[in-house]
Structure formats: structure tokens, C-alpha cells
Amino acid sequence: MLIGLAGLSITQPVLDLMGRNPEFFVAGSYRSSQIVWFGLIVALVPSAVLVVVYGLSRLAHPRLGWWVLVALVAALGAVFGNVLVRGLGLDGALIAMVAAALGAAVAVLLLRGRAGRLLLEYLAVANVLFLVAFLFMSPVSALVSDDSAAGELGTVSVPEPPGPVVVIVFDELPLPTLMTTEGTIN
């Protein structure tokens with residue numbers, strides 16, 4: 001159950017975000033093996049840590065294990081709720097309240113109902129699917145498939161500027177004083 005919920009709340013959002021932004025790996029000059037290791041770590045380590053924490057607490061005392069499971073499910077549910085709410089375009093303080101409410105609801109639904117637990121047990125396999133989608137179906141796949149292509153994507157040529165470059169930062173200047181009524185720079 002923890003593996004499936006960690007996959008939905010941690011693995012999928014992180015791999016999806018990084019898969020849509022291959023520039024991160026290009027800027028860091030990552031080799032294809034490093035990208036694969038990144039995907040494996042994101043797909044396996046959070047779930048493994050959660051399972052170990054739950055297992056150790058259950059070994060210490062079964063009742064403690066149950067409370068740790070409730071806390072982990074509620075926390076992962078809140079993270080998943082945060083991902084859902086942000087996906088809808090909401091922002092601000094409302095997110096924390098909605099995410100906390102969704103976390104509590106997920107904990108109640110999963111720990112009281114068999115269908116939710118069964119769904120998450122099946123979703124434990126989804127971590128592998130998220131990893132496959134990251135490595136072979138996202139824009140990052142071009143970096144993983146061929147090292148020479150990664151090198152070509154990573155080369156940037158910057159022409160020599162014809163003269164000195166001056167940068168002026170207006171940090172504390174109010175924005176309306178710099179704009180016209182149409183919203184362009186004055």
C-alpha cells in the first residue's frame with residue numbers, strides 16, 4: 001500500500017517534471033547512465049524508506065506500527081492532494097488546507113476500505129511504469145538513448161558581444177511607473 005501511494009505522490013510527479021525538462025540534465029552534463037540512475041533512485045528509494053520505517057515501527061510494537069502507517073498514509077495523501085490541487089491551477093494558503101483534508105480523507109478511506117488498499121497494492125507496479133515512461137517516452141529519452149545525441153544537445157555556442165553589456169536592475173521601483181497604459185514598457 002505504501003509503495004503504490006508513494007508512486008502516485010512522489011515518483012510520478014518528480015519523474016514527470018524531470019522528464020518534461022531535459023534541459024536540467026543537459027545543463028548538468030549528465031551522462032545517460034546518470035539519468036537512468038536518477039530515475040531508479042526516484043522510483044525505488046522513497047518507497048523503500050517508507051517500507052523500512054513502517055517495518056521497524058511494526059517490529060518495535062504492532063500498535064506503534066499501525067499509528068506510523070496511519071501517519072505515513074496521511075502524509076502521502078496530503079502530498080498527493082497537493083499535487084492534484086496544484087495541477088488544477090490553485091495556489092496560495094488554500095492549498096495547505098485542501099491537501100491536509102485530502103490526506104486525512106485518503107487515510108480514512110484506505111485504512112477502512114478494502115478496495116482502496118487493493119488498488120494501491122496493484123499500483124505498486126506503477127512505479128516501474130513511471131520509470132519506463134520517464135526513460136523511454138519523455139523528452140529525456142533522447143538523452144538516454146544515445147550519448148552522442150546528449151553531447152550534441154549540450155553544446156551551446158555564444159557569439160562574442162560587439163561591445164560592453166550593461167545590466168540595470170530596478171529592484172525597488174514600482175512596476176506601473178515603467179509601463180504604459182497598454183502594459184508595454186515605457
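Residues numbered from 1 in each chain as written. Predicted model: local features only at pLDDT ≥ 70, side-chain atom pairs only at ≥ 80, totals over all residues. Heavy atoms only, no water.

1. So, unusual backbone geometry
Across residues other than glycine, the phi torsion is negative in most instances, and most of the peptide bonds are trans. With phi around 55°, S29 is a residue other than glycine that occupies positive phi space. Relative to the helices and strands, S29 resides in the loop between helix 2 (23-27) and helix 3 (32-60). Using a relative accessible area of 60% as the deciding quantity, one classes S29 as exposed. (Helix = DSSP H or I, 4+ residues; strand = E, 2+ residues; numbered from the N terminus. Buried < 20%, exposed > 50% of the residue type's maximum accessible area, 1.4 Å probe, protein only.)

2. Examining the packing of helix 1 (residues 2-19) against helix 7 (residues 126-136)
At a minimum axis distance of 9 Å, the contact between helix 1 and helix 7 shows a crossing angle of 5°. Taken together, the axes of helix 1 and helix 7 lie roughly parallel to each other. Facing I3, G7, L8, T11, Q12, L15, M18 and G19 of helix 1, the residues of helix 7 in contact are N127, F130, L131 and F134. (Axes fitted to C-alpha atoms, helices over the stretch in contact; angles between N-to-C directions. Parallel < 35°, antiparallel > 145°, perpendicular 65-115°, else oblique. Contact = heavy atoms within 4.5 Å.)

3. Thoughts on the packing of aromatic side chains
Counted according to the given criterion, the structure contains seven aromatic pairs. Pairing W66 with W67 gives two aromatic rings, centres 4.8 Å apart and planes at 85°, and the pair type is edge-to-face. The class of W66 is partly exposed, set by a relative accessible area of 39%. Through a chain of ring-to-ring contacts, the aromatic side chains of F24, F25, Y30, F38 and F134 assemble into a single cluster. (Phe/Tyr/Trp six-rings, centres within 6.5 Å; stacked < 30°, edge-to-face > 60°.)

4. So, the pattern of salt bridges
Under the criterion given, the structure shown has two salt bridges. Between R20 and D16 there is a salt bridge, with the nearest N and O atoms lying 3.1 Å from each other. (Salt bridge = Lys/Arg side-chain N within 4 Å of Asp/Glu carboxyl O.)

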